Amino acid sequence: MRYLNEYRDPVLAKAIVRELHRTATRPWAIMEVCGGQTHTLVRQGIDEVLPAGMRMIHGPGCPVCVTPLEQIDRALAIAGQPGVIFTSFGDMLRVPGSHTDLLSLRARGADVRVVYSPLQAVQLAEANPDRQVVFFAIGFETTAPANAMSVLRAAQLGLTNYSVLVSHVLVPPAMRAILDAPDNEVQAFLAAGHVCSVMGVSEYVPIAARYRVPVVVTGFEPLDLLDGVLRAVRQLETGRAEVDNAYARAVATDGNPAARAAIERVFEVSDRAWRGIGVIERSGLRLRPEYAGYDAEPRFSVTDITAREHPDCIAGEILRGIRTPMDCPAYGDGCTPRTPLGAPMVSNEGTCAAYHAAGRRRPAPGTDAGPPPTGSPSDAAPPAGSPSDAAPPATSPAGVDPHLEGSRR
Amino acid sequence: MSVQLGDLTCPVPHAETERVLLGHGSGGQLSAALLRDVIGPALAGGGTGSMAEDAAVLDLGTGGTLVFSTDAFVVNPREFPGGNIGDLAVNGTINDVAMMGGRPMALSLAYVIEEGLPVDELTRVTAAVGRAAAEAGVPVATGDTKVVGRGAADGIYVITSGVGLAGTARPAATRARPGDVLLLSGPLAAHGMAVMSVRENLGFESEIRSDTRALHRLVADVLAAAPDTHVLRDPTRGGLASALNEIAAVARVGVELDEQAIPVDDPVRGACELLGLDPMHVANEGICVAFVPADQADAALAAMRARPEGAAATVIGEAVSEHPGRVTVRTLVGSRRIVDMLVGEQLPRIC
C-alpha cells in the first residue's frame with residue numbers, strides 16, 4: 001500500500017538500525033512527543049534495538065492521557081443528564097473518571113456515542129432538535145481544526161442544541177515545560193508530525209535555539225521513527241541543535257493555513273491543566289467569547305467539579321518521561337487496560353497501554369526476571385532500588401507471569 | 001434517564017462488575033471473564049463441552065460421534081456488503097461444526113423479531129438463509145419464530161444450531177503441539193471492517209465486503225490431505241489474536257507469528273490504519289487457522305489453495321515450546337512482541 005509499505009520495509013529498517021549503531025557514541029536520551037509514535041516504537045520493539053544505553057523517553061502527546069480528571073468527571077456529569085447525547089472519539093470512553101467511565105455510564109442507560117468526526121456530532125444535533133448534543137473536544141493542534149469546524153458549522157446552521165466540552169492542549173508549551181523542569185533528561189525531540197502538518201515547524205525554531213536541543217519533525221511509521229532517531233543522533237553527535245523536517249511528505253513549513261485559520265477563529269490560547277503535569281501557562285485553547293454560547297461547561301453547570309487522582313498512579317511522572325511503566329507498582333497488576341487507574345493505560349497511544357499491548361510485564365516480586373534482552377536500555381540501567389523492574393523478554397517462560405495467566409482463564 | 005454519579009458505589013478502580021458491558025460480548029478478555037466467572041460455574045457438572053471450543057463433541061456410543069454447536073447473531077447493521085444476518089448465521093454455525101471435524105448435517109433456525117420489522121427485510125434475510133444452506137448442502141431442518149414488542153429487540157436476532165457427524169480426525173484446541181505449522185486460509189479482518197464501514201457510515205472509497213462463507217468443504221479437504229491436523233479454528237469475534245491466545249493457553253504451547261506473512265487486503269488494511277484498529281483483533285467470518293504437524297503442512301496448504309475459498313492460504317507462523325500460553329510476533333526490526341487478546345470493545349483512537 002502506498003505510503004505505508006515503503007515505510008515498513010524490514011531490510012531498510014535493519015539498515016537504519018545498523019547505521020544508528022555506527023553513529024551513536026553516547027547514551028543519548030530522546031523524547032518522542034506523540035503517543036502515536038510511542039505506539040509504533042513499542043509495537044515494533046524499536047526501543048529494544050537501540051545502541052546500548054541510548055533510550056527513548058515517552059512524551060506527553062497522548063490526548064486522552066493529558067485530559068484532566070476533572071474534565072472527564074464533567075463529561076460524565078453531562079452524559080448522565082437526561083436528554084443528552086454525549087459524543088466522543090472512541091478511546092475517551094474507557095478513561096476512568098473519579099467514579100466511573102463513559103462505557104459503564106452507557107451500560108447504565110446514558111446515551112453515549114462514538115463519532116469519527118465532530119461534524120458527525122453536529123449532524124446528530126441537526127437530526128435530534130429535541131436533544132442536547134455535546135461533543136468532547138479534546139486533543140492537540142491535530143484535532144482542533146475539525147473541532148473548530150464543528151462549532152462554525154453549528155453556528156452556520158443556527159443550532160442551539162450543540163455544544164462542546166473543550167480540553168484542548170498545545171504541544172510547544174509542554175515541550176518547554178519539560179525542558180524547564182530541573183530533573184529533565186531529554187536531549188532531543190522527535191516532534192509530532194501530524195501536529196506540524198497543521199501548525200508548521202516555525203514554533204520549534206526558538207525552542208531548538210534557546211534550549212540547544214535538536215527537534216526532528218517525525219512521522220509515525222517504523223521507518224519514520226528510525227529515521228527520526230538517526231537524524232536526532234547525528235545532530236547530537238555533531239553538536240547541532242536545529243529543526244529538521246523529516247516528515248516533509250506531510251508537513252509543509254507553514255503547515256496548513258486554512259486549518260490554522262479555523263482554530264484561530266473559534267479558539268484563543270489559554271492556561272490549561274494537563275493530567276499528571278498540572279497547569280501550564282498558555283498551553284491550551286478555549287472558545288473565544290463570541291463562541292462562548294457553544295461551551296458545554298456553563299450550559300450544564302459543571303464548571304465547579306473538581307477531582308483528585310488515584311494515589312497509586314504515577315501517570316504524571318510517566319507523562320513527563322521521568323519514569324516508565326516498569327517503575328509503577330500498580331502496572332499490570334492493579335492497573336491494566338481492563339482496570340485502568342490512570343489515562344496512560346487507557347488510550348492506544350498511552351505509554352502504559354502501549355507497553356501492555358506489546359506484552360511487556362513486570363515480573364511478580366521475588367521471581368526471576370529472566371535474562372535481560374540485549375540492547376534494551378531500560379534493562380541495562382535499571383533505576384536505583386528497583387532491581388526487579390526489568391521488562392521480561394518475550395522469551396521468558398509464562399510461568400513467571402501470574403497476571404497474564406490469570407487473564408487467560 | 002438520569003444517572004446520579006453519587007449513587008455509584010464502585011470504588012476506584014471501578015471496573016464495572018455489576019452490569020454487563022458491550023465489551024463482554026466482544027470475544028476478548030471480558031468475554032472470557034464472563035464465561036469463567038458467571039456462566040461456567042453455574043454449568044459446571046452439567047456441561048459436556050469444553051468452554052474453549054465453539055462446538056461440543058458428543059460420543060453416541062455405537063452410533064458414532066456428534067458435533068453440536070449453537071450461535072446467536074445480533075449484527076448491526078443486519079445487511080452489509082457481502083451478506084446479511086441470515087447467511088452469516090448459516091455459515092457461522094456450519095463453520096463451528098466443521099472446525100471440530102464435524103461434517104455438518106442439519107441446522108436449526110430461530111428468529112426473535114421486533115414488532116415493526118419490514119416483511120421485505122425478513123424476506124431478504126430468509127432468502128439469504130435459504131441460499132447459504134442450499135450452497136452448503138446443509139438443510140434447515142427445524143426452527144422457531146418469536147415476535148417481541150417494539151424496543152424489546154433490535155430488528156431481528158437469528159439463532160442457529162448445527163449438528164454434524166465427526167469423522168476420524170478430531171481437531172481440538174488442546175491438541176496444538178510445538179512444531180505445528182500455522183496455516184491461515186485467507187486474508188484477515190474483512191468481515192469486521194465491512195460491518196464497521198456500513199455501521200459507522202465511514203464512506204470508504206473502495207467497498208470492503210464481508211468474507212462470510214462456509215468452510216466445511218475446505219475443512220474436509222484439509223482433513224483428507226492432513227488427517228493429523230491438530231487444531232482448526234475460525235477466528236470470529238476477537239479476531240485471530242484472541243483465537244490464537246485461547247489455543248495457546250489451553251494447549252500450553254507458544255505461538256510465533258511472522259507479521260509480514262499475515263495476509264490483509266489493502267482496502268481492509270487501509271481502513272484499519274485509518275481507525276487505529278489492529279487487523280488481528282477484527283472479526284472474520286470466512287477464514288480458518290490450522291495447526292498442522294510439519295510433515296503434513298504442505299499437503300494441508302495445497303488442499304486449502306485448491307479451493308476458491310482458500311486460494312490465498314498461507315503459512316503465518318508456528319507453535320513452539322517456549323513461552324507457553326503466549327502469542328508473539330516478529331517485528332520488522334527483528335524484535336518480538338506479545339500479541340494479546342482484545343480487552344473489551346475495540347475503540348477507534350483519536351488521531
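In this text, all values refer to a predicted model and were calculated from it rather than measured experimentally.

Reading the values: the criteria
For every chain, the first residue of its written sequence is number 1, and the numbers climb from 1 along that sequence. In the order they appear in the text, chains get letters beginning with A and ligands get numbers beginning with 1. Thresholds applied to this predicted model are a pLDDT of at least 70 for local features of residues and 80 or more for the giving and counting of side-chain atom pairs; totals over whole chains, interfaces and linings are not thresholded and use all residues. Hydrogens are left out, water is left out, and the side-chain values use all remaining heavy atoms of the structure. Only DSSP runs of H or I reaching four residues or more are called helices, and only runs of E reaching two or more are called strands; each is numbered from the N terminus. The buried label applies to any residue whose accessible area, calculated with a 1.4 Å probe on protein chains only, is under 20% of its type's maximum; exposed applies above 50%, and partly exposed to all values in between. The contact rule is simple, with two residues in contact once any of their heavy atoms fall within 4.5 Å. We get accessible surface area from the Shrake-Rupley algorithm with a probe of 1.4 Å; when it comes to residues, only the shown protein chains can shield them. The pLDDT score gives, residue by residue, the confidence of the prediction method on a 0 to 100 scale. Should DSSP find at least two bridges between two strands, the strands are taken to pair. Between N-to-C directions, angles span 0 to 180 degrees; the directions come from axes that are lines fitted to C-alpha atoms, helices contributing only their stretch in contact. Handedness of a crossover is defined as follows: orient the strands so they point away from the viewer, and if the path from the first strand over the helix to the second runs clockwise, the crossover is right-handed. By definition, a salt bridge exists where a carboxyl oxygen of Asp or Glu is found within 4 Å of a side-chain nitrogen of Lys or Arg. Helices are assigned an expected span. That span is 1.5 Å times one less than the residue count. We define the bend at any residue as the angle between the axes fitted to the seven residues before and including it, ending there, and the seven starting there. Here the angle decides the label: under 35 degrees means roughly parallel, over 145 means roughly antiparallel, 65 to 115 means roughly perpendicular, and every other value means oblique. By definition, any crossing whose near helix is turned counterclockwise from its far helix by less than a right angle is left-handed, and any crossing with a clockwise turn is right-handed. By the convention adopted, Pro, Cys, Tyr, Trp, Phe, Met, Ile, Leu, Val and Ala count as nonpolar, Lys, Arg, Asp and Glu as charged, and the other residues, Gly among them, as polar. What counts as a ring pair is set by centres within 6.5 Å for rings of Phe, Tyr and Trp (its six-membered ring), and what kind of pair is set by the plane angle: stacked under 30 degrees, edge-to-face over 60, tilted for all other angles. Charges are assigned to positions over rings by a cutoff of 6 Å between ring centre and Lys NZ or Arg CZ, combined with an angular limit of 35 degrees from the ring normal. The definition of a nonpolar core used throughout is a set of buried Ala, Val, Leu, Ile, Met, Phe, Trp, Tyr and Cys residues joined through side-chain atoms within 4.5 Å.

*Asks:* Would you take a moment to explain the overall build of chain B for this structure?
*Replies:* Tallying secondary structure elements over chain B gives 8 helices and 14 strands in all. Relative to its full complement of 351 residues, chain B shows a buried share of 56%. Excluding contacts between residues fewer than 6 apart, the proportion of contacts in chain B whose partners are at least 24 apart in sequence is 83%. Of the roughly 14100 Å² that chain B leaves accessible, carbon and sulfur atoms contribute 53%.

*Asks:* Explain the confidence of the model for chain B to me, please; I cannot follow it from the model alone.
*Replies:* Detailed reading of the predicted coordinates is not advisable wherever pLDDT falls low. Residues and elements named next belong to chain B. On average, chain B scores 88 in pLDDT, and the residues at 70 or more come to 89%. The low-confidence segment residues 1–14, where pLDDT is below 50, has 33 contacts with residues more than four positions distant or belonging to other chains. For this predicted complex, the interface confidence comes out at an ipTM of 0.73, alongside a pTM of 0.79.

*Asks:* Would you explain the sheet that holds strand E2 (residues 55–61) of chain A in this entry?
*Replies:* Paired through their backbone hydrogen bonds, the strands of a sheet run either parallel or antiparallel. Residue and element names in this part refer to chain A. Spatially, E2-E1-E7-E8-E9 is the arrangement adopted by the 5 strands of the open sheet, whose pairing is parallel. Of all the strands in the sheet, just E2 and strand E9 (243–245) have a single pairing partner and so form its edges. Across the sheet, the mean angle separating the axes of adjacent strands is 25° when strand polarity is ignored. In the sheet, strand E7 (residues 188–192) pairs with strand E8 (residues 215–218) via 4 bridges, with the strands oriented parallel. Counted as the bridge partner of Phe-189 is Val-215 from E8. Strands in contact with helix H2 (residues 35–43) are strand E1 (29–34), E2, E7 and E8; relative to E1, the strand with the most contacts, it is inclined by about 120°. Sheet contacts for helix H11 (residues 222–237): E1, E2, E7, E8 and E9; angle to E8, the most-contacted strand, approximately 170°.

*Asks:* Where do I start with the pairing of E1 of chain A in this structure?
*Replies:* Consecutive side chains of a regular strand alternate in pointing toward one face of the sheet and then the other. All names here are of chain A. Extensive coverage of E1 is indicated by the burial of 6 of its 6 residues. Across 5 bridges, the pairing between E1 and E2 is parallel. Bridged to Ala-29 within E2 is Arg-55. Once you follow E1 into H2 and on to E2, the crossover reads as right-handed. Inspection of the sheet shows E1 paired to E7 by 3 bridges, in the parallel sense. Pairing of Met-31 across the sheet is with Phe-189, part of E7.

*Asks:* Looking at this model, I keep getting lost on the sheet that holds strand E14 (residues 336–338) of chain B. Mind explaining?
*Replies:* Residue and element names in this part refer to chain B. Strand order across the open sheet formed by 7 strands is E9-E11-E8-E12-E10-E13-E14, with mixed pairing between neighbours. Unpaired on one side and paired on the other, strand E9 (231–233) and E14 mark the two borders of the sheet. Sheet twist, expressed as the average angle between the axes of neighbouring strands with direction ignored, equals 25°. Judged from the 3 bridges that link them, strand E13 (residues 327–330) and E14 form a sheet pairing that is antiparallel.

*Asks:* Mind showing me how you'd approach the pattern of salt bridges here?
*Replies:* Side chains that differ in charge, positive against negative, can pair when their charged atoms come close. A complete count under the given rule lists 31 salt bridges over all chains for this structure. Close ionic contact of Arg-78 of chain B with Asp-154 of chain B constitutes a salt bridge, the shortest N to O distance being 3.8 Å. With a gap of 76 residues between them, Arg-78 of chain B in the loop between strand E2 (65–73) and strand E3 (79–80) and Asp-154 of chain B in the loop between strand E6 (140–148) and strand E7 (156–166) connect regions that are remote in the sequence. Note that Glu-256 of chain B is salt-bridged to Arg-336 of chain B, the shortest N-O span being 3.3 Å. One end of the pair, Glu-256 of chain B, is in strand E10 (residues 254–258); the other, Arg-336 of chain B, is in strand E14, with 80 residues separating them in the sequence. A relative accessible area of 15% means that Glu-256 of chain B is categorised as buried. Residues joined by salt bridges that share partners form a network here, namely Arg-43 of chain A together with Glu-259, Asp-278 and Arg-337 of chain B.

*Asks:* What should I look at first to understand helix H1 (residues 29–43) of chain B in this one?
*Replies:* Helical geometry note: an α-helix holds 3.6 residues per turn, so side chains three or four residues apart project in the same direction. Residue and element names in this part refer to chain B. Taking 1.5 Å per residue, 15 residues should reach 21 Å; H1 reaches 20 Å between its end C-alpha atoms and fits that length. If you look at H1, its biggest bend is around 40°, right at Leu-35. Of the residues making up H1, those classed as buried are Gln-29, Leu-30, Ser-31, Ala-32, Ala-33 and Gly-40.

*Asks:* Is there a simple way to think about the packing of helix H4 (residues 190–199) of chain B against helix H7 (residues 266–275) of chain B in this case?
*Replies:* Helix packing geometry: the angle between the two helix axes and the distance between the axes. All names here are of chain B. At a minimum axis separation of 10 Å, H4 and H7 run at an interaxial angle of 60°. Taken together, the axes of H4 and H7 are oblique relative to one another. Considering how the two elements wind past one another, H4 and H7 form a crossing that is left-handed. On H7, the residues touching Ala-190, Met-193 and Met-196 of H4 are Val-268, Ala-271, Cys-272 and Leu-275. Taken together, the residues that form the contact of H4 with H7 break down as 7 nonpolar, no polar and no charged.

*Asks:* Before we go on, may I ask you to explain the packing of aromatic side chains in this structure?
*Replies:* What characterises a pair of aromatic rings is the spacing of the ring centres plus the angle enclosed by the ring planes. Residue and element names in this part refer to chain A. The full count for this structure, using the stated rule, is 4 aromatic pairs over all chains. Taking the centre distance of 6.0 Å and the plane angle of 80° together, the rings of Phe-220 and Tyr-247 count as edge-to-face. Within this pair, whereas Phe-220 is found in the loop between E8 and H11, its partner Tyr-247 is found in the loop between E9 and helix H12 (257–266), the two being separated by 27 residues in sequence. Residue Phe-220 is classed as buried on the basis of its relative accessible area of 15%. Across the ring face of Tyr-7, the terminal group of Arg-249 is positioned such that the distance to the ring centre comes to 3.5 Å.

*Asks:* What should I look at first to understand the nonpolar core in this one?
*Replies:* In globular proteins that are soluble, nonpolar side chains generally tend to be buried together. Counting 92 residues, the largest nonpolar core has Ile-78, Phe-86, Tyr-162, Phe-189 and Tyr-204 of chain A as its most contacted members. Excluding residues that lie within four positions of it along the chain, Ile-78 of chain A makes contacts with Val-84, Phe-86, Val-134, Leu-165, Ala-296, Phe-300 and Val-302 of chain A. Ranked by size, the runner-up nonpolar core spans 38 residues in total, among them Ala-173, Ala-251, Val-255 and Ala-319 of chain B.

*Asks:* What am I meant to see in helix H8 (residues 171–180) of chain A here?
*Replies:* Taking burial as the measure, the 10 residues of H8 of chain A include 7 buried ones, the bulk of the element. Looking at H8 of chain A, one finds that the buried residues are Val-171, Pro-172, Pro-173, Ala-174, Met-175, Ile-178 and Leu-179 of chain A.

*Asks:* Whenever I open this one, the packing of helix H7 (residues 144–157) of chain A against H12 of chain A confuses me. Can you help?
*Replies:* Residues and elements named next belong to chain A. Here H7 crosses H12 at 55°, and the two axes come no closer than 8 Å. Our classification of the angle between H7 and H12 gives oblique. Crossing handedness for the pair H7 and H12: left-handed. The residues of H12 that touch H7, namely those facing Ala-144, Pro-145, Ala-148, Met-149, Val-151 and Leu-152, are Ala-259, Ala-262, Ile-263, Arg-265 and Val-266.

*Asks:* Quick question: what am I supposed to make of the pairing of strand E12 (residues 314–320) of chain B here?
*Replies:* Residue and element names in this part refer to chain B. Of all the 7 residues making up E12, 5 are buried; the element is thus mostly covered by neighbouring parts of the structure. Sheet topology note: the strand E8 (residues 181–184)/E12 ladder contains 4 bridges and is antiparallel. Across the sheet, the residue bridging to Leu-184 is Thr-314, located in E12. With 4 bridges connecting them, E10 and E12 associate as antiparallel partners. Paired with Gly-254 across the bridge in E12 is Val-320.

*Asks:* Where do I start with unusual backbone geometry in this structure?
*Replies:* Negative phi is the rule for most residues except glycine; trans is the rule for most peptide bonds. Note the cis peptide between Asn-76 of chain B and Pro-77 of chain B, where omega equals 5°. Tracing the backbone through its elements, the reader meets Pro-77 of chain B in the loop between E2 and E3. Phi at Arg-282 of chain A is positive, roughly 45°, even though this residue is not glycine.

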